[in-house]
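Each chain, letter by letter, is given below.
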Amino acid sequence: MSDNIVLLADDDSDDRFFIQQAFRSCGVSAKVIEAENGAELINFLKKPDLNVSLIILDMNMPKMNGLEAMTQIKAMPHVAEIPVVMISTSPSQDLYEKAYKAGVQSFMPKPNTFDEFNDLVGLLKQRFLQ
């Protein structure tokens with residue numbers, strides 16, 4: 001698992017910190033690269049020599065939200081097949097449907113406590129980082 005690279009796009013620095021800590025706490029050996037918004041994530045994904053295992057994408061971000069970023073990810077053949085998990089503090093049935101239509105593999109509520117961040121990372125480890 002030491003070769004795993006996870007891209008994390010979230011405008012909330014506290015949430016990025018807690019996700020990083022949860023990866024360590026859960027024993028997931030992955031390099032987590034942070035982006036503060038979807039536009040920054042897309043710029044990173046333009047690098048042709050990536051070996052990304054997973055993208056964690058917040059829905060509500062400035063400059064480019066998660067759905068807009070997802071559209072661009074799917075339009076780039078060299079990264080279109082990377083699994084994407086979208087997280088959001090404002091989940092709704094409509095948002096779930098839009099996210100899945102855009103191509104996300106999973107849509108999860110954004111955690112509120114460190115235990116919930118650990119649970120999220122545990123699920124990601126089981127499903128995407130083995």
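Scroll up a little and you will see the structure.
Thresholds, definitions, all that
- Along every chain, residues carry numbers that run from 1 in the direction the sequence is written.
- Where local features are concerned, this predicted model is filtered to residues with pLDDT of at least 70; where side-chain atom pairs are given and counted, the filter is 80 or more; whole-chain, interface and lining totals use all residues.
- Excluding hydrogens and water, the side-chain values take into account all heavy atoms of the structure.
- We count a stretch as a helix when DSSP gives it H or I for four or more residues in a row; a strand needs E for two or more, and each element gets its number in order from the N terminus.
- What the globule rule says is 2.2 Å times the number of residues to the power 0.38, and the radius of gyration is computed from C-alpha atoms.
- Under the scheme applied here, a residue whose accessible area is under 20% of the maximum for its type counts as buried, over 50% as exposed, and between as partly exposed, the area being computed with a 1.4 Å probe on protein chains only.
- Here, residues are in contact when the closest pair of their heavy atoms is within 4.5 Å.
- Read the arc as the range of directions from the helix axis to the C-beta atoms.
- By the criterion applied in these results, polar contacts are pairs of N or O atoms within 3.5 Å in which, for protein atoms, one can donate a hydrogen and the other can accept it, and in which residues neighboring in sequence qualify only through two side-chain atoms.
- The criterion for strand pairing is that DSSP finds at least two bridges linking the strands in question.
- Seen with its strands pointing away from the viewer, a crossover is right-handed when the path leading from the first strand over the helix to the second is clockwise.

### Digging into the overall build of the protein chain
Here comes step 1: When helices and strands are counted, the protein chain shows five helices and five strands.
Here comes step 2: Across the protein chain, helices and strands are ordered from the amino to the carboxyl terminus as β-α-β-α-β-α-β-α-β-α.
Here comes step 3: Over its C-alpha atoms the protein chain spans a radius of gyration of 13 Å, differing by no more than 12% from the 14 Å that the globule rule assigns to 130 residues.
Here comes step 4: Seen through its C-alpha atoms, the protein chain measures out along the principal axes to roughly 35 × 35 × 25 Å.
Here comes step 5: By the burial criterion, 48% of the 130 residues in the protein chain qualify as buried.
Here comes step 6: Across the protein chain, every contact between residues at least 6 apart in sequence was considered, and the portion connecting residues at least 24 apart equals 67%.

### Regarding the environment of Ser92
Here comes step 1: Its place among the elements puts Ser92 in the loop between strand 4 (84-88) and helix 4 (93-102).
Here comes step 2: Along the chain, Ser92 and Pro109 lie 17 residues apart, while their C-alpha atoms are 9.8 Å from each other.

### Looking at helix 3 (residues 66-74)
Here comes step 1: Buried within helix 3 are the following residues: Gly66, Leu67, Ala69, Met70 and Ile73. Buried residues of helix 3 fall within an arc of 155° about the axis and therefore sit on the same side.
Here comes step 2: Of the residues flanking the start of helix 3, the one acting as N-cap is Asn65, its side-chain oxygen 2.9 Å from the backbone nitrogen of Leu67.

### Thoughts on the pairing of strand 3 (residues 54-58)
Here comes step 1: Within strand 3, five of the five residues are buried, leaving the element largely enclosed by the surrounding structure.
Here comes step 2: Residues Leu54, Ile56 and Asp58 of strand 3 are buried on one face, and the alternating residues Ile55 and Leu57, pointing to the opposite face, are buried as well.
Here comes step 3: Of the strand pairs in this sheet, strand 1 (residues 4-9) and strand 3 are connected by four bridges, and their pairing is parallel. Residue pairing in the sheet places Leu7 in a bridge with Ile55 of strand 3.
Here comes step 4: Here four bridges tie strand 3 to strand 4, and the two strands are oriented parallel to one another. Each residue of the ladder has a partner; that of Asp58, found in strand 4, is Ile87.
Here comes step 5: Taken together, strand 3, helix 3 and strand 4 form a β-α-β motif whose crossover is right-handed.

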